[in-house]
Amino acid sequence: MIRHIIALISGALTVAAIVYMAKLDIELEKLKKIEEIIEKSKLEVPITKTAQSVQQQQKEEESEEEKQLKMLKEKAGNISAFEVSPLYRRNCASCHGVNGNGAVGPKLIGKSKDEILQALKDFKSGKRKNYVMYGLLSNMKEEDLISLAEEISQFDEKLQKATNK
Ligand code: HEC
């Protein structure tokens, strides 16, 4: 009787072992498939990468075109009717125009030397509040302000001479 029971138990264990092994096999199969998928996705990565780099290249080309356009615009903007001092060109022309005809900043042509000098002094002292002009003039010497005021007050005359040629 005991022998029968042992045989039964061992038989059951064998069946259980077989089922367990079969399950393991299935799991292994799944793992393999997962691995395959991972391998495939690794292959796909370089493809998407090249797509990205193509996009990047296009962007770079665009910005290259933009740069050239900017340069052209700057050139066009810098064609001045008459010569201005480096001091004016470097510090003021970007906002007031190469010849003082105004852009972001107001037109300066036609203002008297005193008017301009007073405006510059007031900006510098903060009496006339303008953050941009204040920041720009805070490091400038009085004599620079005077020479700028003098130069700008002559723009009108210079422009007329230049256009009447
Ligand atoms: C970043 C732009 C910018 C730059 C650079 C700049 N300005 Fe101005 N400027 C302005 C603006 C904006 C105003 C108007 C401010 C206001 O009326 O409060 C102004 C006003 C002035 C005025 C008064 C004009 C008026 O109608 O009352 C004078 C004069 C002047 N600027 C001279 C200069 C000089 C000289 C330089 C170079 C040293 C210079 N600016 C550089 C933007 C600029």
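Predicted, not measured: the structure shown is a model, and the values here were computed from it. (Residues numbered from 1 in each chain as written. Predicted model: local features only at pLDDT ≥ 70, side-chain atom pairs only at ≥ 80, totals over all residues. Heavy atoms only, no water.)

*Asks:* Which residues make up the site of the ligand, and what values do they have?
*Replies:* Surrounding the ligand, one finds 21 residues, the nearest of these being Cys92, Cys95, His96, Arg128 and Met133. Contact distances for the ligand include 2.7 Å between a nitrogen atom and a side-chain N or O atom of His96. The side chain of Arg128 places a nitrogen or oxygen atom 2.9 Å from an oxygen atom of the ligand. Elements with a contribution of two residues or more to the shell around the ligand: α3 (93–96), α4 (113–125), α5 (131–137) and α6 (142–153). By residue number, the principal contributor to the shell around the ligand is α4, which donates four residues. (Near = heavy atom within 4 Å. Polar contact = N/O pair within 3.5 Å; in protein donor to acceptor, adjacent residues only side chain to side chain. Helix = DSSP H or I, 4+ residues; strand = E, 2+ residues; numbered from the N terminus.)

*Asks:* An account of the packing of aromatic side chains is needed here, citing residue identities and associated values.
*Replies:* Following the criterion strictly, the structure yields two aromatic pairs and no others. Considering the side-chain rings of Phe82 and Phe155, the 5.2 Å spacing of their centres and the 55° angle between planes classify their relative orientation as tilted. Of this pair, Phe82 sits in the loop between α1 (2–78) and α2 (86–91) while Phe155 sits in helix α7 (residues 155–163); the two residues are 73 residues apart in sequence, bridging distant segments of the chain. Phe155 sits in the buried class, given a relative accessible area of 0%. A centroid spacing of 5.0 Å and a plane angle of 90° characterise the contact between Tyr88 and Phe155, whose relative ring orientation is edge-to-face. Of this pair, Tyr88 sits in helix α2 while Phe155 sits in helix α7; the two residues are 67 residues apart in sequence, bridging distant segments of the chain. Phe155 shares its class with Tyr88; the two are buried. Here the aromatic cluster, defined as three or more aromatic residues joined through ring pairs, consists of Phe82, Tyr88 and Phe155. (Phe/Tyr/Trp six-rings, centres within 6.5 Å; stacked < 30°, edge-to-face > 60°. Buried < 20%, exposed > 50% of the residue type's maximum accessible area, 1.4 Å probe, protein only.)

*Asks:* Go over the coordination of the iron atom of the ligand, please, and point to the residues and values.
*Replies:* Here the iron atom of the ligand is held by His96 (NE2) and Met133 (SD), and the distances to it run 1.9 to 2.2 Å. Around the iron atom of the ligand, the six donor atoms sit at angles spanning 79 to 178°, and that spread fits a shape best called octahedral. With His96 in helix α3 and Met133 in helix α5, this residue pair connects regions lying 37 residues apart in the sequence. A single burial state applies to His96 and to Met133, both of which are buried. (Donors = N, O, S within 2.8 Å, 3.2 Å for Na, K, Ca; no water. Tetrahedral: all angles 85-135°; square planar, octahedral: opposite > 155°, others 65-115°.)

*Asks:* Pulling in residues and values, what's your account of the side chain of Glu151?
*Replies:* Along the chain, the position of Glu151 falls in helix α6. In this structure, Glu151 is buried with no salt-bridge partner, the nearest side chain bearing the opposite charge being Lys158 at 5.0 Å. What Glu151 contacts, discounting residues up to four positions off in sequence, is Val84, Ser85 and Tyr88. (Lys, Arg positive; Asp, Glu negative; His and termini not counted. Salt bridge = Lys/Arg side-chain N within 4 Å of Asp/Glu carboxyl O. Contact = heavy atoms within 4.5 Å.)

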